[in-house]
Amino acid sequence: MSAETPAASGQFIRRRLQFRAWRGQRPFWAGLFIIIGGLPIAYFPYANLQIGHLTLAMATTAGAGSLIIGVLLVVLGVSLWFQKHIRVFAGVAAILLALVSIPVSNLGGFLIGFLFALVGGAMAVSWVPGEPPEQELRADAGVHGGAPESAFPESTVSGPAEGAAATGEPNDLSGTSPANGANGRHSAG
């Protein structure tokens, strides 16, 4: 395929729009932040800093714990991308793992991994799926054959004249109506 082929630019735009649609249907940024947070948490305990001929090892006694926390954060971030229904669990788990990483792995990856995982977990917990586009709503409205709602007769549910209102009793099932003297208090008997 040459650089002069017109299909290449159209294909790039189509792929970009497909990715944008995929990204908009899930907590993408929350997953990305959690993945970015897991990488320094897992990396720093195993890293060696070279200053001239001096090697500074940043290893901790809980290096395996740091690796486990980092890998779990990366797995939670990836699972947010492909399993959007576990967003609350993954968000809470990411927040807890970020908090545990402070004493376990060099202050949570020198606070970099901790902050990214904490913000990503909060974003995952707070993410809510968007409303469907209007054209899908219009397609669902076509179930009635396109007739407006006023074209259908009213429902046959009995009105208040046939129930408790006909006998003069209030229609409050909670027992907390100011009319019966309960003033918001429930009675046990």
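The structure presented is a predicted model; accordingly, all values stated were derived computationally and were not measured.

S.K.: Give a detailed account of the nonpolar core, specifying residues and quantitative values.
M.R.: Side chains of nonpolar character tend, in soluble globular proteins, to be buried together. Ile-34, Ile-69, Leu-73, Leu-76, Leu-80, Ala-94 and Leu-97 are the most contacted members of the largest nonpolar core, which totals 15 residues. Elements that contribute at least two residues to this core include exactly helix 2 (28–43), helix 3 (63–82), helix 4 (87–104) and helix 6 (112–126). Here this core takes five residues from helix 4, the largest share from any one element. Ignoring anything within four residues of it in the chain, the contact list for Leu-80 reads Arg-26, Pro-27, Ala-30, Gly-31, Ile-34, Arg-87, Ala-90 and Ala-124.

S.K.: A description of the UniProt feature "transmembrane region" (unreviewed entry) in the protein should follow, citing residues and the corresponding values.
M.R.: Those residues carrying the UniProt feature "transmembrane region" (unreviewed entry) are residues 28–46 and 58–81 in this numbering. Between the end C-alpha atoms of residues 28–46 there is a gap of 28 Å, over a span that is 84% helix and 0% strand.

S.K.: A description of unusual backbone geometry should follow, citing residues and the corresponding values.
M.R.: A positive phi angle is found at Phe-110, which is not glycine, with a value near 55 degrees. The topology assignment puts Phe-110 in helix 5 (residues 106–110). Residue class for Phe-110 comes out partly exposed when judged on its relative accessible area of 41%. In this structure, Leu-111 is a non-glycine residue whose phi angle is positive, near 65 degrees. Structurally, the position occupied by Leu-111 is in the loop between helix 5 and helix 6.

S.K.: Talk me through the pairing of strand 2 (residues 54–57); I want residue IDs and the actual numbers.
M.R.: Working note: regular strand, side chains alternate between the two faces of the sheet. The pairing of strand 1 (residues 48–51) with strand 2 spans four bridges and is antiparallel. What sits directly across from Leu-49, in strand 2, is Leu-56. Following strand 1, the chain reverses through two residues before pairing antiparallel with strand 2; Gly-52 in that reversal takes a positive phi of roughly 65 degrees.

S.K.: Explain the packing of helix 3 against helix 4 to me, using residue names and the numbers behind them.
M.R.: One way to put it is that helix 3 packs onto helix 4 with a least axis distance of 10 Å and a crossing angle of 160 degrees. Classed by the angle they form, the pair helix 3 and helix 4 counts as roughly antiparallel. For the pair helix 3 and helix 4, the crossing hand works out as left-handed. In this structure, helix 3 uses Gly-65, Ser-66, Ile-69, Leu-72, Leu-73, Leu-76 and Leu-80 to contact helix 4, whose residues at the interface are Arg-87, Phe-89, Ala-90, Ala-93, Ala-94, Leu-97, Val-100, Ser-101 and Val-104. Along the lines of polarity and charge, the residues of the contact of helix 3 with helix 4 split into twelve nonpolar, three polar and one charged.

S.K.: Account for the packing of aromatic side chains, with residues named and values stated.
M.R.: This structure, assessed with the given rule, holds ten aromatic pairs. Each ring, one from Phe-19 and one from Phe-28, has its centre 5.6 Å from the other, and the planes form 90 degrees; the classification is edge-to-face. On the basis of relative accessibility, which here comes to 38%, the residue Phe-19 falls in the partly exposed class. The exposure class assigned to Phe-28 is buried, which follows from its relative accessible area of 11%. Three or more aromatic residues joined by ring pairs make a cluster, and in this case those are Phe-19, Trp-22, Phe-28, Trp-29, Trp-81 and Phe-82.

S.K.: Residue-level account of a nonpolar patch on the surface, with values.
M.R.: A contiguous nonpolar surface patch, about 390 Å² in accessible area, is contributed by Val-88, Val-92, Leu-96, Leu-99 and Val-125. In terms of residue count, the dominant contributor to the nonpolar patch is helix 4 (four residues). Following the sequence through the fold, Val-125 ends up in helix 6. Given a relative accessible area of 33%, Val-125 falls into the partly exposed group.

S.K.: Explain helix 4 to me, and be specific about the residues and the numbers.
M.R.: Compared with an ideal rise of 1.5 Å per residue, which puts 18 residues at 26 Å, helix 4 spans 25 Å between its outermost C-alpha atoms and is within 8% of the ideal. All of the buried residues in helix 4 are Arg-87, Ala-90, Gly-91, Ala-93, Ala-94, Leu-97, Ala-98 and Ser-101. Projected down its long axis, helix 4 shows its buried positions confined to an angular sector of 165 degrees, all on one face. Away from the buried face of helix 4 by more than 90 degrees, exposed residues Phe-89 and Pro-103 are located. Looking at the buried side of helix 4, the elements it contacts are helix 2, helix 3, helix 5 and helix 6. The first or second residue beyond helix 4 is Asn-106, which carries a positive phi of 45 degrees.

Calculation rules
For every chain, the first residue of its written sequence is number 1, and the numbers climb from 1 along that sequence. Under the rules for a predicted model, residues below a pLDDT of 70 receive no local features and side-chain atom pairs below 80 are neither given nor counted, while totals for whole chains, interfaces and linings still include all residues. Excluded from the side-chain calculations are hydrogens and water; all other atoms, namely the structure's heavy atoms, are used. To define a nonpolar core, start from buried Ala, Val, Leu, Ile, Met, Phe, Trp, Tyr and Cys residues and group those joined through side-chain atoms within 4.5 Å. We call a residue buried when its accessible area falls under 20% of the maximum for its residue type, exposed when it is over 50%, and partly exposed in between, using a 1.4 Å probe and counting protein chains only. Secondary structure is summarised from DSSP: a helix means a run of H or I of at least four residues, a strand means a run of E of at least two, and numbering begins at the N terminus for each. We call two residues contacting when some pair of their heavy atoms lies within 4.5 Å. UniProt positions are given in the numbering used here, feature names are shortened, and annotations may be inferred rather than shown by experiment. At least two bridges found by DSSP between two strands are what make those strands a pair. Convention adopted: a line fitted to C-alpha atoms gives each axis, helices being fitted over their contacting stretch, and angles between N-to-C directions are expressed from 0 to 180 degrees. Under this scheme an angle from 65 to 115 degrees is roughly perpendicular, one under 35 degrees roughly parallel, and one over 145 degrees roughly antiparallel; angles in between are oblique. For any helix crossing, the convention is left-handed if the near helix is rotated counterclockwise from the far helix by under a right angle, and right-handed if that rotation is clockwise. All amino acids are sorted into three groups, where Ala, Val, Leu, Ile, Met, Phe, Trp, Tyr, Cys and Pro are nonpolar, Asp, Glu, Lys and Arg are charged, and the leftover types, Gly among them, are polar. Each aromatic pair joins two rings of Phe, Tyr and Trp (for Trp, the six-membered one) with centres within 6.5 Å, and gets the label stacked for planes under 30 degrees apart, edge-to-face for over 60, and tilted for any other angle. Patch construction takes residues with relative accessible area above 30% that form no salt bridge. Like charges are linked within 9 Å, and nonpolar side chains (Val, Leu, Ile, Met, Phe, Trp, Tyr) are linked within 5 Å. Shrake-Rupley sampling with a 1.4 Å probe provides the accessible areas, and residues are treated as covered by the protein chains on show and by no other component. Salt bridge, as applied in this entry: a Lys or Arg side-chain nitrogen positioned within 4 Å of an Asp or Glu carboxyl oxygen. Multiplying 1.5 Å by the residue count of a helix minus one yields the expected span of that helix. What the arc covers is the set of directions going from the helix axis to the C-beta atoms.

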